[in-house]
Amino acid sequence: MRRRIVIVGTDSHAIRLHQLFEHDAGLGYDVVGFVGRRDADFLFRDRVLGTFADVERVLAANDAVGVVMSPSSMLEDELNSMTRELTDAGYHVAISATLHDIDIARLRPQSVDGRSILYVEPVARSGATVVAKRVFDVVVAAGLLIATAPIVLAAMAAIKLTSRGPVLFKQTRVGIDGREFTMTKLRTMVVDAEERLAELAELNEADGPLFKIQHDPRITKVGRFLRRSSIDELPQLVAVLRGTMSMVGPRPALPDEVRKWDEATRERLRVLPGLTGLWQVSGRSDASFDAYKRLDLFYVHNWSIRHDLSICLRTVGVVLGARGAR
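Residues numbered from 1 in each chain as written. Predicted model: local features only at pLDDT ≥ 70, side-chain atom pairs only at ≥ 80, totals over all residues. Heavy atoms only, no water.

Draft legend 1. Representation of the overall build of the chain. Regarding its fold elements, the chain presents ten helices and ten strands. When its C-alpha atoms are laid out on the principal axes, the chain stretches across 75 × 45 × 35 Å. By residue count, 43% of the 326 residues in the chain fall in the buried class. By sequence separation, contacts in the chain at least 24 residues apart represent 66% of the contacts at least 6 residues apart. Accessible area for the chain stands at about 17900 Å²; split by element, carbon and sulfur atoms hold 57% of it. In the chain, which carries 44 positive and 41 negative side-chain charges, the distance between the mean positions of the two groups comes to 9 Å. (Helix = DSSP H or I, 4+ residues; strand = E, 2+ residues; numbered from the N terminus. Buried < 20%, exposed > 50% of the residue type's maximum accessible area, 1.4 Å probe, protein only. Contact = heavy atoms within 4.5 Å. Areas by Shrake-Rupley, 256 points an atom, 1.4 Å probe, with all protein chains shown as cover. Lys, Arg positive; Asp, Glu negative; His and termini not counted. Charge placed at Lys NZ, Arg CZ, Asp CG, Glu CD.)

This is the structure we're talking about:
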């Protein structure tokens, strides 16, 4: 089901396009080669199949259906004439913008004196949309607390009967604007789990400041089930009602993690941390730190009620499938 295409251009942006399409076959593009200048330092110079003037011949010879163009590789006149010629010939043409991590729903095409311009809608961070998010949080959190109360009580009893220690686990996390708060979950580990962290450091399977072990020996038998079903997260609904968390937002980070962040990652602190988020529904604990950072920042920079609703719906599928939870 992948479409055979040619990348027009041989600059760094064209290389990134090739790497993106090759890395993720699900995007639907099968790159047969490039057209453009065959510079000596071009990473894929052996795959340059011709110059810009040869593009139609290259497409026909390789049974390709269209092109993805890197506009920074071309002069303005070259870009416009090639676009007209290829579309007139029945080929598909996509022009890659250098914008990234901006939700397409925020882009508005405009025409100014015959020129195509993309207007980027600002993200609403005050007013009615913020009130709507708070109302959504309170209504959903209150409803879930009532509906899941018997499940939480049963889980608390199971924890108490199968391992020594408190049924709740409390930990300091960093919230909006860097303010610390106490996050409460059902305890899923042995009581000395924090003290044993250092001895397990070399087994860490996560990158960056994250810490994850697939078969963490500190997790109890009951705790493993609670994590896999996400029942251990339910007490955080109280934090949502208090306003220190939201139903949807970046994962609440530990203070030690935040100290290791760069300035870009600290943008996560512009919004309330969430019970669920884009990172969690896109792989949860299976995702790398780079993916964790990129997805959370995408959420922060493109927040909308529509995104929150979509993430909540996707969370249901993740929880029912027990994907990525440990």
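Draft legend 2. Molecular detail of the nonpolar core. Core analysis: the largest hydrophobic core is formed by 39 residues, its most contacted members being Leu 186, Leu 226, Met 247 and Trp 261. Secondary-structure elements contributing two or more residues to this core are helix 4 (128–162), strand 8 (180–186), helix 5 (221–229), helix 6 (236–242), strand 9 (246–248), helix 8 (278–281), helix 9 (289–301) and helix 10 (305–321). Membership of the second largest hydrophobic core comes to 16 residues, among which are Val 6, Val 67, Leu 79 and Leu 86. (Core = buried A, V, L, I, M, F, W, Y, C linked by side-chain atoms within 4.5 Å.)

Draft legend 3. Fine view of the pairing of strand 2 (residues 29–35). Of all seven residues in strand 2, six are buried, a share of seventy percent or more. Two strands pair when backbone bridges link them, and strand 1 (residues 3–8) and strand 2 are joined in this way by six bridges, in the parallel orientation. Within strand 2, the position partnered with Ile 7 by the bridge is Phe 34. Crossover connection from strand 1 via helix 1 (residues 12–23) to parallel strand 2: handedness right-handed. (Pairing = 2+ DSSP bridges. Right-handed = clockwise from strand over helix to strand, strands pointing away.)

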